[in-house]
Amino acid sequence: SAVISQKPSRDICQRGTSLTIQCQVDSQVTMMFWYRQQPGQSLTLIATANQGSEATYESGFVIDKFPISRPNLTFSTLTVSNMSPEDSSIYLCSVELGVRGNEQYFGPGTRLTVT
Amino acid sequence: GNSVTQMEGPVTLSEEAFLTINCTYTATGYPSLFWYVQYPGEGLQLLLKATKADDKGSNKGFEATYRKETTSFHLEKGSVQVSDSAVYFCALMWGGSQGNLIFGKGTKLSVKP
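Residues numbered from 1 in each chain as written. Chains lettered and ligands numbered in written order. Predicted model: local features only at pLDDT ≥ 70, side-chain atom pairs only at ≥ 80, totals over all residues. Heavy atoms only, no water.

### Side note on the pattern of salt bridges
Two side chains of opposite charge can pair, provided their charged atoms sit close to one another. All names here are of chain B. Test applied: Within this document, salt bridges are pairs made up of a side-chain nitrogen of Lys or Arg and a carboxyl oxygen of Asp or Glu, the two lying within 4 Å of each other. The buried label goes to any residue with under 20% of its type's maximum accessible area, the exposed label to any with over 50%, and the partly exposed label to all in between, with areas taken from a 1.4 Å probe on protein chains only.
This structure, assessed with the given rule, holds four salt bridges over all chains. Where Lys52 meets Asp55, a salt bridge forms, and the shortest distance between an N and an O atom there is 3.3 Å. As a salt-bridge pair, Lys56 and Glu63 come within 3.6 Å of each other at their nearest N and O atoms. The class for Glu63 is partly exposed, based on a relative accessible area of 31%.

### So, the side chain of Ser76 of chain A
Residue and element names in this part refer to chain A. Basically, it comes down to this: To qualify as a helix, a DSSP run of H or I must reach at least 4 residues; to qualify as a strand, a run of E must reach at least 2; elements of each kind are numbered from the N terminus. Whenever two N or O atoms come within 3.5 Å, that pair is a polar contact, provided that in protein one can donate a hydrogen and the other can accept it, and provided that, for residues adjacent in sequence, both atoms are side-chain atoms. In this analysis, two residues are considered to be in contact whenever any of their non-hydrogen atoms come within 4.5 Å of each other.
Relative to the helices and strands, Ser76 is located in strand β8 (residues 75–80). A residue is classified by how much of its surface remains accessible, and Ser76, at 0% relative accessible area, is buried. Looking at Ser76, its side chain comes within polar contact range of the side chain of Trp34, at 3.1 Å. Only 2.8 Å separates the side chain of Ser76 from the backbone oxygen of Ser69, close enough to count as a polar contact. Leaving out residues up to four positions away in the same chain, Ser76 has contacts with Ile21, Gln22, Cys23, Met32, Trp34, Ala49, Ile68, Ser69 and Arg70.

### Looking at the state of the cysteines
Spelled out, the test is: Cysteine sulfur atoms that pair up within 2.5 Å are treated as a disulfide.
For the structure shown, the criterion picks out two disulfides over all chains. Between the sulfur of Cys23 of chain A and that of Cys93 of chain A lies a disulfide, 2.0 Å long from S to S. Measuring the twist about the S-S bond at about 70 degrees, one finds the Cys23 of chain A-Cys93 of chain A disulfide to be right-handed. Here Cys23 of chain A, found in strand β3 (residues 19–25), pairs with Cys93 of chain A, found in strand β9 (residues 89–97); they are 70 residues apart in sequence, far enough to count as distant. On the basis of relative accessibility, which here comes to 0%, the residue Cys23 of chain A falls in the buried class. Each disulfide pairs two cysteine sulfurs, and for Cys23 of chain B the partner residue is Cys90 of chain B, the sulfurs being separated by 1.9 Å. In this structure, the disulfide formed by Cys23 of chain B and Cys90 of chain B twists by about -70 degrees around the S-S bond and is classed as left-handed.

### Quick word on the interface of chain A and chain B
What counts, and what does not: Three residue categories are used. Nonpolar comprises Ala, Val, Leu, Ile, Met, Phe, Trp, Tyr, Cys and Pro, charged comprises Asp, Glu, Lys and Arg, and polar comprises the others, including Gly.
Taken residue by residue, the interface counts 19 residues in chain A and 21 residues in chain B. For the interface between chain A and chain B, the tally reads four residue pairs in polar contact (both at pLDDT 80 or more). If you list the elements that add at least two residues to the side of chain A that touches chain B, you get β4 (31–37), β5 (43–50), β9 and β10 (103–106) of chain A. Residues belonging to the side of chain A that touches chain B are distributed by class as follows: nine nonpolar, seven polar and three charged.

Listed below in structure tokens is the structure:
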């Protein structure tokens with residue numbers, strides 16, 4: 001498994017501002033993922049972030065709104081830009097591990113409220 | 001496309017009751033199947049997994065069997081505890097290490113003493 005931390009754990013932000021969420025892993029991993037969990041809903045993948053390449057975004061998510069950095073094999077950031085109340089969600093990062101690379105482990109999440 | 005369907009919650013049980021949370025999937029090929037658990041105020045934790053047909057995943061008294069013929073991966077526990085109260089997510093992963101997880105909507109379980 002892996003120990004994954006996220007900062008901040010929660011925040012309350014005003015609309016129109018931006019928030020950068022950090023994800024730190026205690027081991028080197030190739031693939032990191034960012035998910036959104038809207039209130040009472042399941043998880044939706046935002047993007048896949050591999051070190052050394054541009055993040056790959058899922059349908060409905062764009063780089064201008066959710067820019068991602070992946071400067072090394074243990075760290076990534078997700079920025080939620082120009083926030084609106086509809087962005088209020090839990091944002092989670094995850095990493096892929098396992099012998100066949102088919103296990104994902106999740107950080108504790110960042111609970112974002114936009115007012 | 002690929003999808004996961006879970007039974008609607010919430011599910012409320014008394015301590016020591018038997019638990020079943022149904023999960024069925026639609027997928028091309030041979031996905032890996034997972035159950036994740038989210039305790040109140042925490043992130044998701046991998047509970048168990050199965051990577052091929054007839055595999056049984058088990059952990060903490062929970063178990064689930066990968067049934068290809070019925071495309072199901074039902075979660076069971078013989079005797080639930082109050083500490084099992086959480087939201088349970090069924091998920092599938094396709095495409096091997098380059099794939100991503102597709103989650104069900106989650107089932108909230110409340111166990112009363």
